[in-house]
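Below are the chains, spelled out letter by letter.
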Amino acid sequence: MSKKIISLLNLFVLTIVLSISTITNAQSKKIEVSGTILDESNNPVPFVAVGIVKKYIGTASTEDGEFSFLITNSELQDSLSISSLGYDPFKIKVADYLKLEKKEIILKETVTELDAIKLLSPNQYVENALKFLKENTVSQPHKIELLYRRAATESGKSKFFVENYIKIRDKGPAYPLGMIEVAQVRKSADYRVWKRKQWTHSINYMGTGNPLRPSERQPNFKKFTWKKIGDSSYEGEDVVILEGTNNKNKWQKYKLYIGVDNYGVYKIETGKTIYLYKKHSNGKLYLSYHAKEWGWSAKNNNSQIPREYWNTEAREISYRSEAFVYKIETDKKKARVRPFGGETDMGSIDVPYDANFWKNLSMPPDTEFYKKIKSELESNYGVSLEKQYQLVNK
């Protein structure tokens, strides 16, 4: 074969390779899908499940109704799906949404008039919700990926902030929280007087604090008095809002949003804690968003705080946390997790800092939770949070 023919063949092959590479890069190029979700009175709708259900891509809207996540060209012809308690579901092709001049989605409130005659007693709804928990949630082994944030405060002001990107091999809320892998870590400067370390990763409290998950802290709902306090809906299913009070410890209260037809639990509220669930493409529910705040003070619990900190800002400390679930993978072959960091204080985990990961991660819009923390951290010494990340994480 002549050198000229070989050169032409090599050029032909190179052209094909470059063409394939160009197509691949175009398909994998990240596109931001963002906007605001409002009701018919132009008020923001918080904690709405937003995304492409069939591909498990999405997020939850913030308190201001804002949302943001990344897709590729491969998802442009898919449907953007919006689901929220109390509103009719909304769908629009992603490509059509991106063409909109004003990126706002107006949800129509669902008119709910439950027939009291057909309703079960509040206790029966709670019993059925627990009885059918495995059937109503993603209960086979699967992997979820989430952004978990925690701020540590002293005297009500944020002094330390850490973010972990976490993978969990789980079986859903009918079981204890599964195997944890902390894949990425970044943290702020630590301005605390008392640099306290938790004995375990605080995401474990997300598991034990969930009243649906079996644990030593799981409340016995049979010993609660339940009453119906409202109606709602979720994707066409009527939902009852129930409030339960512990008959012995009156301070212990839970609010459950339970579907009338299938008894799925769409939302849990207790104190300053919230769990929000959304539907998988198979109709089963899985966690979408979580937020929690807890703490203590030397005023009423000296044993929790070393004596040397009693007269400092550390005499009153708290933790604020929130979690955004990014992905769920039900294919067993793709749901592997390497256990790491799950039993360590999340601010002490030693993982090489990957600035590119955090730069390319589709971060949720700033929630009120995050705005407050960021403002308080930056006010300590006037150093931006981004600069703190650069200085602290190596």
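Residues numbered from 1 in each chain as written. Predicted model: local features only at pLDDT ≥ 70, side-chain atom pairs only at ≥ 80, totals over all residues. Heavy atoms only, no water.

Looking up the protein chain in an unreviewed UniProt entry gives the name Carboxypeptidase-like regulatory domain-containing protein, with the organism given as Seonamhaeicola marinus.

So what's going on with the environment of S34? Which residues, and what values?
Counting through the fold element by element, S34 comes out in strand β1 (residues 31-38). Residue classification places S34 among the partly exposed positions, given a relative accessible area of 26%. Here the alpha-carbon distance between S34 and Q252, two residues 218 residues apart in the chain, equals 38 Å. Contact partners of S34, with chain neighbours within four places excluded, come to F67, S68, Y97 and K103. (Helix = DSSP H or I, 4+ residues; strand = E, 2+ residues; numbered from the N terminus. Buried < 20%, exposed > 50% of the residue type's maximum accessible area, 1.4 Å probe, protein only. Contact = heavy atoms within 4.5 Å.)

Before we move on, could you go through the domain arrangement of the protein chain and cite the residues and values that matter?
As assigned here, the protein chain comprises domain 1 (30-106) and domain 2 (116-393). Contacts between the two partners involve 23 residues from domain 1, matched on the other side by 32 residues from domain 2. Summing both partners gives a buried area of about 2100 Å² for domain 1 against domain 2, and 58% of it is carried by carbon and sulfur. Across the domain 1-domain 2 interface, the total number found is one salt bridge. Taken together, the links from domain 1 to domain 2 amount to six residue pairs in polar contact (both at pLDDT 80 or more). Sorting the residues of the side of domain 1 that touches domain 2 by element identifies β2 (49-52), β3 (57-60) and β4 (66-71) as the ones contributing at least two each. Considering each element in turn, the side of domain 1 that touches domain 2 owes the most residues, five residues, to β4. Broken down by class, the residue content of the side of domain 1 that touches domain 2 amounts to 12 nonpolar, seven polar and four charged. (Domains from an automatic or database assignment. Buried area = accessible area lost by both parts, 1.4 Å probe. Salt bridge = Lys/Arg side-chain N within 4 Å of Asp/Glu carboxyl O. Polar contact = N/O pair within 3.5 Å; in protein donor to acceptor, adjacent residues only side chain to side chain. Nonpolar A, V, L, I, M, F, W, Y, C, P; charged D, E, K, R; others polar.)

Go over the packing of helix α7 (residues 368-381) against helix α8 (residues 385-392), please, and point to the residues and values.
Interhelical geometry of α7 versus α8 gives an angle of 70 degrees and a closest axis separation of 9 Å. Considering their axes alone, α7 and α8 lie roughly perpendicular with respect to each other. Where α7 approaches α8, its residues Y370, K374, L377 and E378 are matched on the opposing element by L385, Q388 and Y389. Residues belonging to the contact of α7 with α8 are distributed by class as follows: four nonpolar, one polar and two charged. (Axes fitted to C-alpha atoms, helices over the stretch in contact; angles between N-to-C directions. Parallel < 35°, antiparallel > 145°, perpendicular 65-115°, else oblique.)

Quick rundown of the nonpolar core? Include the residues and the values.
Counting 50 residues, the largest nonpolar core has L146 and I258 as the members making the most contacts within it. Residues within four places of I258 in sequence aside, it is in contact with Y125, V126, A129, D238, V239, V240, L242, Y263, G264 and V265. Core analysis: the next-biggest nonpolar cluster, separate from the first, contains 20 residues, V48, F67, L76 and Y97 among them. (Core = buried A, V, L, I, M, F, W, Y, C linked by side-chain atoms within 4.5 Å.)

Report on the pattern of salt bridges, specifying residues and quantitative values.
Inspection of the entire model under this criterion finds 19 salt bridges. Here R150 and D345 are joined by a salt bridge, their closest N and O atoms 3.4 Å apart. Placement of the pair is R150 in strand β8 (residues 142-154) and D345 in the loop between β17 (316-329) and α6 (355-360), with a sequence separation of 195 residues. Accessibility assignment for this pair places R150 and D345 in one class, buried. Here D170 makes a salt bridge to R213, at a shortest N to O gap of 2.7 Å. Pair noted here: D170 is in strand β9 (residues 157-170) and R213 is in the loop between α5 (203-208) and β11 (224-234), with a separation of 43 residues, a long-range link. Several salt bridges converge on common partners, so that one network encompasses R149, E163, R186 and E322.

Tell me what's going on with the packing of aromatic side chains, and back it up with residues and numbers.
Going through the model one piece at a time under the given rule, you end up with 20 aromatic pairs. Centroid distance F47 to Y289: 5.0 Å. Interplanar angle 25 degrees. Geometry classified as stacked. One end of the pair, F47, is in the loop between β1 and β2; the other, Y289, is in strand β16 (residues 285-297), and 242 residues separate them in sequence. Each member of the pair F47 and Y289 is classed as buried. Relative to Y97, the ring of F67 has its centre 6.3 Å away and its plane inclined at 35 degrees; by these criteria the two rings are tilted. Here F67, found in strand β4, pairs with Y97, found in helix α2 (residues 94-99); they are 30 residues apart in sequence, far enough to count as distant. Judged by relative accessible area, which is 1%, F67 ranks as buried. Among the residues examined, Y97 registers a relative accessible area of 0% and is labelled buried. The structure contains a cluster of three or more aromatic residues connected by ring pairs, namely Y165, Y326, F357 and W358. The ring of Y175 carries the charged tip of K171 above its face, separated from the ring centre by 4.1 Å. (Phe/Tyr/Trp six-rings, centres within 6.5 Å; stacked < 30°, edge-to-face > 60°. Lys NZ or Arg CZ within 6 Å of the ring centre and 35° of its normal.)

Please provide a residue-by-residue account of the sheet that holds β1, values included.
Reading across the sheet, the three strands line up as β4-β1-β7 and stay open at both edges, with mixed pairing between neighbours. Either end of the sheet is taken by a strand with one partner, and the two such strands are β4 and β7 (104-106). Put simply, the sheet's adjacent strands are angled 30 degrees from each other on average, direction ignored. Bridge analysis of β1 against β7 gives three bridges, and the strand direction is parallel. (Pairing = 2+ DSSP bridges.)

Give me the sheet that holds β3: which residues, what numbers.
The strand order across the open sheet built from four strands is β3-β2-β5-β6, with neighbouring strands paired in antiparallel fashion. If you trace the sheet from one side to the other, it starts and ends with β3 and β6 (90-93), each paired once. On average, each strand axis in the sheet is tilted by 15 degrees relative to the strand beside it, whichever way the strands run. Relative to strand β5 (residues 79-83), β2 runs antiparallel, the two being bridged by three bridges. Pairing of V50 across the sheet is with I82, part of β5.

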